[in-house]
Amino acid sequence: MKNFFIISGSSGSGKTTLLELLSRDLNMDISVSCTTRNKRKYEIDGVHYSFISEEKFQDMIDEDKFLEYENVHGDLYGTPLDSLKGYLEENKSLFLELDVKGALSLKRIYPSNTISIFLSPPNLDELRKRLVNRSTESDQEIEKRLSRFEQEDNLKKEFDYTLINDNFETTFEKLKKMIISFKEED
């Protein structure tokens, strides 16, 4: 059974929006990761992320409470282990939005339960435009995110599937069909 459907890729590739719509349409939960970064205006604590202090994050690391964690753009992100165990025990499916390294870690730990999908923008110029248009980061943060593009893009070959999000509706339909087909196999 494929329990974990990971969507990964560059900031601005459309992961969050696609997952919110897929979750609703397919009646699947989205994993809530922990992070030390500041909450954006539209985000809800406990829904988009669990926003915690660096001290609490470090305590969770020390207590082995994360399946995986990464430092991304200077902020810590981690997947709580307890949240995944329940989905395995109940044989249920879960969406996870993870950075590239976190996605590959989860895939290594649960290879037979995981489908990994790398979502990519059509090109670097489009990515820059998306990051600027969403108005959630400073120019410095945007440059930091863009600097990771090549590194992340080079790892896409490690994923089970790669999709270029050049048309939102088309990408949404492809992802939906893909996930339905894996759920029907089970």
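Structural data are supplied above this passage.
From a predicted model like this one, the values you see are computed outputs, not experimental measurements.

J.: Help me understand unusual backbone geometry, please; the structure alone is not making it clear to me.
T.: Phi is mostly negative for residues that are not glycine, and the peptide bonds are mostly trans. Phi is positive for Asp64, close to 55°, though the residue is something other than glycine. Within the secondary structure layout, Asp64 lies in the loop between helix 2 (54-62) and strand 5 (66-72). The exposure class of Asp64 is exposed, given its relative accessible area of 62%. Phi is positive for Asn91, which is not a glycine, with a value near 55°.

J.: Would you mind showing me how to read the packing of helix 1 (residues 15-26) against helix 8 (residues 168-185) here?
T.: Helix-helix packing: each pair is described by the crossing angle between the helix axes and the interaxial distance. It is the contact of helix 1 with helix 8, at a shortest axis distance of 10 Å, that shows an interaxial angle of 45°. Put simply, helix 1 runs oblique to helix 8. Crossing hand, helix 1 versus helix 8: right-handed. Taken together, the residues of helix 8 that come into contact with helix 1 (itself represented by Thr17, Leu18, Leu21, Leu22, Asp25 and Leu26) are Phe168, Thr171, Phe172, Leu175, Lys176, Ile179 and Ile180. Looking at the contact of helix 1 with helix 8, its residues break down into nine nonpolar, two polar and two charged.

J.: Looking at this structure, I do not really get the layout of surface pockets. What am I missing?
T.: It is the rolling of a water-molecule-sized probe over the atoms that shows where space remains empty. A volume near 920 Å³ is recorded for the largest pocket. Lining the largest pocket are 40 residues, with Lys15, Thr16, Arg40, Tyr49 and Glu97 sitting closest to its centre. Looking at the lining of the largest pocket, the elements with two or more residues in it are helix 1, strand 5, strand 6 (75-80), strand 7 (94-97) and helix 5 (124-134). With five residues, the single largest contributor to the lining of the largest pocket is helix 1. Tallied by class, residues from the lining of the largest pocket come to 11 nonpolar, 16 polar and 13 charged.

J.: Even after reading the chapter, I still don't get the pattern of salt bridges, so can you show me in this structure?
T.: Side-chain pairs of opposite charge can arise where the charged atoms are in close proximity. Inspection of every chain in the model, using the stated rule, returns six salt bridges. Among the ionic pairs, Arg24 bridges to Asp25, the shortest N-O distance being 3.1 Å. Taking relative accessible area as the criterion, Arg24 reaches 58% and is therefore assigned exposed. Several salt bridges share partner residues, and in doing so they unite Arg24, Asp25 and Lys176 into one network.

Rules and cut-offs
- Residues numbered from 1 in each chain as written.
- Predicted model: local features only at pLDDT ≥ 70, side-chain atom pairs only at ≥ 80, totals over all residues.
- Heavy atoms only, no water.
- Helix = DSSP H or I, 4+ residues; strand = E, 2+ residues; numbered from the N terminus.
- Buried < 20%, exposed > 50% of the residue type's maximum accessible area, 1.4 Å probe, protein only.
- Axes fitted to C-alpha atoms, helices over the stretch in contact; angles between N-to-C directions.
- Parallel < 35°, antiparallel > 145°, perpendicular 65-115°, else oblique.
- Left-handed = near helix turned anticlockwise from the far one by under 90°.
- Contact = heavy atoms within 4.5 Å.
- Nonpolar A, V, L, I, M, F, W, Y, C, P; charged D, E, K, R; others polar.
- 1 Å grid on protein atoms, 1.4 Å probe; cavity = no way out; pocket = protein on both sides within 12 Å on 5 of 7 lines; lining within 4 Å.
- Points joined across faces, edges and corners; volume = space filled by probe spheres on them.
- Salt bridge = Lys/Arg side-chain N within 4 Å of Asp/Glu carboxyl O.

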